[in-house]
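Residues per chain, in single letters:
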Amino acid sequence: MNNTPPVRIRVQFSKDGDLRFTGHLDLQRLFERALRRSGLPLRYSQGFNPKARLSIASALPLGFSSEAEFLDFWLDTEIDLQEVQQRLSAALPRDITIRHIEAVPNQAPSLQSSLLASEYHVSFLPEIDTQEVAAKLSALLARESIPFSRRAKTVDLKDLLLAANWQRTAEGLELSLRMKSTPEANGRPDELLSLLGLTAGSYQVRRTALIFNADEMTKHG
Amino acid sequence: MTNNQPTNINKKLEKILFSVEKPGRYVGGEHNQVRKDWNSVKTHIALVFPDIYDLGQPNLGLAILYDIVNQQPDMLAERAYSPWVDMEAQLRENKIPLFSLESKTPLNKFDIIGFTLPYEQIYTNVLNILDLSGVPLLASERTAEHPLIIAGGQACYNPEPMADFIDAFAIGEGEELILEISRAYQEWKRYPSPRLELFQALARIPGVYVPSFYEVSYAEDGTIHSVFPWMQGVAMPVKKRILARLPAPTTRFLVPNVETVHDRISVEIMRGCTRGCRFCHAGMVNRPVRERSPEEILTAVQAGLDATGYEQVGLLSLSSSDHTRILDIIREVYARFKDSRVQVNLPSLRIASFSVDLMDELKELRPGGGFTLAPEAATERMRAIINKPLDEAVILETARTIFEHGWLSLKLYFMIGLPQETMEDVQAILDLARRIKSIGKSIKGNRVRVHLGIATFIPKPHTPFQWYSIEDAQSLQSKIDLLKEGTRRADIKMTYNPPDSTLLESWLSRGDRRLGAVILQAWKNGARLDAWTERFNVTAWLDAFAACGIDPDFYTRRQRGLDEILPWDHISTGVSKRFLLTDLRLSQAGKTREDCRNTCFNCGILDAYGSLKPSEQEIYWGCP
């Protein structure tokens, strides 16, 4: 067993293309295997069935793309960050790109526990009348509460939504959303959009930033 | 030249992928996927596993062929699988043809579509895939504009039920055949020529069966009167292909981006089996035994793990403990990988303490979970009939050793419906399982779990039992009921095949050419994904039999005459019918035959393939 303190590495990565259809658990497995292929000296958990230690900040809903996913993993020895990035990049599928890499103190809080919110960018298929969507959204947001039932319980989307803004682009109107992303309260843009009568596949969502809490008070992305 | 429009499909896919379950099944893009420029190669081959991605992606046979074809500079292989029902509905609704995962090219744009048919319950999926690809289902309706449709795999040792749909079958081991077939196709493609010439060229390749060149006629009682090869120069019988030396194992496995049933690399350590269990199709059709050397296996495991990042390896064979150097292999695997945290699966272990020792040698590399033993029958009389001789004392001793070495869970496999089986033999399964459980309890206490897996015997082609009928449904049900009740009382978990799905496997594995019409009609009645218990629709099949005026019992509930021409007699596995018959008579007399690695019983393999046998120093063949 290795008793030296591990080296904690944090990467920000984007997830695009066909990998949008790889879910959270599958993505964890994908990283485990890519890290093994990279040949980096991974720190493993102890016990009967040792696993490479890694942790992804927040599960990205299936079908979303992102430029602001965060992963922590641990190495047994210190290695030049540039080399880590290079070896990991070479082992990753083309739809994942490492955008930033840094070493993080071992005692820093976990990604999950310091995550507060996510920002999303929504674009719509040409056949969608975005003016109408915008009007429906305004009407929805004017309500006291926006109940939405998830399997066992009902959540209030009004409470989960922190901000919504429209921008005019060359492609038409696009929507920016900021929603809570904590273990207790996690907002999903697709839930909000379903209340506007939009079906999955008629729009595309890209996560553009994660907002972490107090200690850092930083917006990444 | 080619009219493929992958970008078009990509655009349409973009919409529908959001409305299907597990869309990652349909997009490809796995690590180690091979992507070649379509126009840079001459021949395009679609390799298809006719069930969903989750089951098909880990298939070792297709992984080998994919690797072999893609190593050819002038060929490419891409993959396709059955869509699940939700995706099929979307494809049909949006008029999207079924496409390959790599380049999203519609399957009808490929030169060759090759299906692997490892078992029979996926036959309707083949039809469904052809239909979704815009390829006429019947071979007789296809023209030179359509892809060549070929099939291979373990079920093809009786190709007849699928003869209407497949242009050419590859019988036996496919590593060389796939290239010989592709080269013949290339040669034919050079000049515009009728399809018949392609088929003639294919039929000249040893191991290729072109069913349209054989005319089958029937006697008044419905049995086969004759099988006549009407085309000049075609083989009769068609002799399976084997490789004298197994080629170096494939190591460039694809690493799926969504979970599949076997997320690991597989290395075949040995092909064939010398045990001679009389019910065992695989044991009869895959002769002779050929081993890979420990060095070759170790190199392949290392290369496979390096190329994939996988954390699990399966060392595959029909009887792992029978590899002459299995102890060396396991010790070296342990020495090499003890620090790299991989798990090593070693399935198909013989019932002997030696097998437990082998697992022990793996120490921390052995996977968690239970140990599996397959006595197949619970009385010594029954085990003599099926030629799996084992003393009960050895079974109990092996179970004891397993519990003593720390395993808490033991899975036991048995068959019911075997020839000459009585209720006492079935009761004995319960008694044995209970005794094993109490041994476990005496060693490990109440945490011990015993799990009973019950399979229904189906007399398979090319085995000594091929002439038998399957047991009637009522009698099978009463055996299942007895076991269910007994295991419930003893707190033993039991799983079994539903009798209906056993019927389907029996019809399709024992059928003749006339079943083509039934398969087609069943597919029209909505049958597909029949291997999925929740999807299997027995009514669709019974209606199809009725519509075709064919009695399904003719194939399953009838003892076949020893002088009858069986639907698969013109396909030769190398094991002679005379040998099978002698073995059947020995079985009826309750006599066993020992492992044939020491004593040759002249099964026919050495007559057929002995001239290929390399020297003993070079490679181990199981034949003395």
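In this text the structure is predicted, and so the values were computed from the model without any measurement. Here the residue numbering is sequential within each chain, running from 1 through the sequence in written order. Ligands are numbered from 1 and chains lettered from A, in the order in which they are written. Totals for whole chains, interfaces and linings use all residues, but because this is a predicted model, local features are given only for residues with pLDDT of at least 70 and pairs of side-chain atoms are given and counted only at 80 or more. Water and hydrogen atoms play no part in the side-chain values, which are based on all heavy atoms of the structure.

(A) Local environment of the overall build of chain A. Helix and strand assignments come from DSSP, with helices taken as H or I runs of at least 4 residues and strands as E runs of at least 2, each series counted from the N terminus. A tally of regular secondary structure across chain A gives 6 helices and 11 strands. For chain A, the C-alpha atoms occupy an extent of roughly 60 × 35 × 30 Å along the three principal directions. Exposure is judged per residue with a 1.4 Å probe applied to protein chains only, and the accessible area is read against the type maximum: over 50% gives exposed, under 20% gives buried, and values in between give partly exposed. A burial count over chain A gives 49% of its 221 residues as buried. In chain A, once contacts between residues fewer than 6 apart in sequence are set aside, the share between residues at least 24 apart is 71%. Surface accessibility follows the Shrake-Rupley procedure with a 1.4 Å probe radius. Residue values consider only the protein chains on display as shielding. Total accessible area on chain A stands at roughly 10700 Å², and carbon and sulfur atoms take up 50% of it. Residues counted as positive are Lys and Arg, residues counted as negative are Asp and Glu, and His and the chain ends are not counted. We put the charge of a Lys on NZ, of an Arg on CZ, of an Asp on CG and of a Glu on CD. For chain A, the distance from the average site of its 27 positive side-chain charges to the average site of its 27 negative ones is 4 Å. Throughout, a contact is declared for two residues whenever any of their heavy atoms are within 4.5 Å.

(B) Broad picture of a nonpolar patch on the surface. Without a salt bridge and with relative accessible area above 30%, a residue can belong to a patch; like charges are then joined within 9 Å and nonpolar side chains (Val, Leu, Ile, Met, Phe, Trp, Tyr) within 5 Å. Take a side-chain nitrogen of Lys or Arg and a carboxyl oxygen of Asp or Glu: if they are within 4 Å of each other, that pair is a salt bridge. There is a patch of nonpolar side chains on the surface, built from Leu196, Phe228 and Trp230 of chain B and spanning about 320 Å² of accessible area. Relative to the elements of secondary structure, Leu196 of chain B occurs in helix H7 (residues 195–203).

(C) Structural view of the pairing of strand S18 (residues 493–496) of chain B. All names here are of chain B. Two strands are counted as paired when DSSP detects at least two bridges linking them. Examined bridge by bridge, strand S17 (residues 449–456) and S18 share 4 bridges and lie parallel to one another. Note on S18: the bridge partner recorded for Leu452 is Met494. Orient the strands so they point away from the viewer, and a crossover whose first-strand-to-second-strand path over the helix runs clockwise is right-handed. As a crossover connection, the stretch from S17 through helix H15 (residues 473–489) into S18 is right-handed.

(D) Inspection of the interface of chain B and chain A at higher detail. Taken together, the contact pairs 26 residues of chain B with 24 residues of chain A. Taken together, both faces of the contact between chain B and chain A bury some 2300 Å²; the carbon and sulfur share is 52%. We define buried area as the total accessible area lost by two parts upon association, computed with a 1.4 Å probe and summed across both. Of all residues in chain B, Phe18, Asn257 and Arg341 of chain B give up the largest surface area on contact with chain A, accounting jointly for 29% of the area buried on that side. Inspection of the region where chain B meets chain A yields 6 salt bridges.

(E) Examining the nonpolar core more closely. All names here are of chain B. To qualify as a nonpolar core, a set must consist of buried Ala, Val, Leu, Ile, Met, Phe, Trp, Tyr and Cys residues joined through side-chain atoms within 4.5 Å. Counting 177 residues, the largest nonpolar core has Phe115, Leu202, Leu315, Ile436 and Trp541 as its most contacted members. At 8 residues, helix H14 (residues 423–444) tops the list of elements feeding residues into this core. What Trp541 contacts, discounting residues up to four positions off in sequence, is Thr124, Leu504, Trp507, Leu508, Val518, Ile519, Ala522, Ala527, Asp530 and Phe536. Grouped together as the second largest cluster of nonpolar side chains are 28 residues, Ile386, Leu566, Leu584 and Ile605 included.

(F) Here's a closer look at the side chain of Gln343 of chain B. Note on placement: Gln343 of chain B falls in strand S14 (residues 343–345). Among residues more than four places away in sequence, those in contact with Gln343 of chain B are Asn49 of chain A together with Glu311, Gln312, Val313, Leu365, Pro367 and Gly368 of chain B.

(G) Broad picture of the pattern of salt bridges. All names here are of chain B. The tally for this structure, following the rule as stated, stands at 67 salt bridges over all chains. Glu471 is the salt-bridge partner of Lys479, the closest N and O atoms lying 2.9 Å from each other. Judged on exposure class, the residue Lys479 and its partner Glu471 are both buried. Across the salt bridge formed by Asp569 and Lys577, the nearest N and O atoms sit 2.5 Å from each other. Looking at Lys577, the relative accessible area reads 29%, which means it is partly exposed.

(H) Focus on the domain arrangement of chain B. All names here are of chain B. We note that the domain assignment places domain 1 (6–239), domain 2 (264–365 + 599–624), domain 3 (369–497) and domain 4 (502–558) within chain B. Segmentation into domains, and thus their bounds, comes from an automatic or database assignment. Placing a centre on the C-alpha atoms of domain 2 and another on those of domain 3 gives a separation of 25 Å. Each side of the interface is counted separately: domain 2 has 17 residues, and domain 3 has 27 residues. In this assembly, domain 2 packs against domain 3 so that about 1800 Å² is buried in total across both faces, 71% of it on carbon and sulfur atoms. Of all residues in domain 2, Arg278, Phe279 and Ile351 give up the largest surface area on contact with domain 3, accounting jointly for 47% of the area buried on that side. Residue assignment for the side of domain 2 that touches domain 3 shows that the elements contributing at least two residues are helix H8 (281–285) and helix H11 (353–361).

(I) Summary view of helix H2 (residues 81–91) of chain A. Residues and elements named next belong to chain A. Every buried residue belonging to H2 is among Val84, Leu88 and Ala91, and all of these are buried. Angular distribution of buried residues about the axis of H2 spans 60°; they occupy a single face of the element. Exposed positions of H2 whose direction lies more than 90 degrees from the buried face are Gln82, Gln86 and Ala90. Summarising the contacts, the buried residues of H2 are in contact with helix H1 (24–38), strand S3 (65–75) and strand S4 (96–104). Throughout, the arc means that of the directions going from the helix axis to the C-beta atoms.

(J) Molecular detail of unusual backbone geometry. All names here are of chain B. Omega for the bond connecting Met236 with Pro237 falls within 30 degrees of zero, at -5°, which places this linkage in the cis form. Relative to the assigned elements, Pro237 resides in the loop between strand S8 (224–229) and strand S9 (238–239). The residue Asn32 is not glycine, and still its phi comes out positive at about 80°. Note on placement: Asn32 falls in the loop between helix H1 (6–16) and strand S1 (43–49). With phi around 55°, Arg341 is a residue other than glycine that occupies positive phi space. For Arg341, the location among the structural elements is in the loop between helix H10 (326–337) and S14. For Arg341, a relative accessible area of 33% puts it in the partly exposed group.

(K) Spatial organisation of the packing of helix H13 (residues 392–404) of chain B against H14 of chain B. All names here are of chain B. Every axis in this analysis is a line fitted to C-alpha atoms, fitted for helices over the stretch in contact. Angles between the N-to-C directions lie between 0 and 180 degrees. Running from N to C, H13 and H14 cross one another at 35°; their axes reach a closest spacing of 9 Å. Helix-helix and strand crossings are classified by hand; for H13 and H14 the assignment is right-handed. On H14, the residues that touch Glu392, Ile395, Leu396, Ala399, Arg400, Phe403 and Glu404 of H13 are Leu432, Arg435, Ile436, Ile439, Gly440, Ile443 and Lys444. For the contact of H13 with H14, the per-class residue count stands at 8 nonpolar, 1 polar and 5 charged. Working rule for handedness: look at the near helix, and if it is turned counterclockwise from the far one by less than a right angle, call the crossing left-handed; if clockwise, right-handed. Throughout this entry, Asp, Glu, Lys and Arg are counted as charged residues, while Ala, Val, Leu, Ile, Met, Phe, Trp, Tyr, Cys and Pro are counted as nonpolar. The remaining residues, Gly among them, count as polar.

(L) Looking closely at the domain arrangement of chain A. Residues and elements named next belong to chain A. The domains assigned to chain A are domain 1 (7–108) and domain 2 (113–220). Between the C-alpha centres of domain 1 and domain 2 there is a distance of 26 Å. Tallying the contact residues gives 16 residues for domain 1 and 15 residues for domain 2. Across the domain 1 to domain 2 interface the summed buried area is about 1300 Å²; carbon plus sulfur atoms make up 50%. Summed over the three residues of domain 1 that lose the most area to domain 2, namely Phe64, Glu67 and Phe70, the buried surface amounts to 37% of that side. The tally of links from domain 1 across to domain 2 stands at 3 salt bridges. Among the salt bridges present, the one from Arg206 reaches Glu67, with a minimum N-O distance of 2.7 Å. What qualifies as a polar contact is a pair of N or O atoms within 3.5 Å, subject to a donor-acceptor requirement within protein and to the restriction that residues adjacent in sequence count only when both atoms come from side chains. Taken together, the connections running from domain 1 to domain 2 amount to 9 residue pairs in polar contact (both at pLDDT 80 or more). For the side of domain 1 that touches domain 2, the secondary structure elements donating two or more residues are strand S1 (7–15) and S3. Per-element tally for the side of domain 1 that touches domain 2: the top contributor is S3, with 6 residues.

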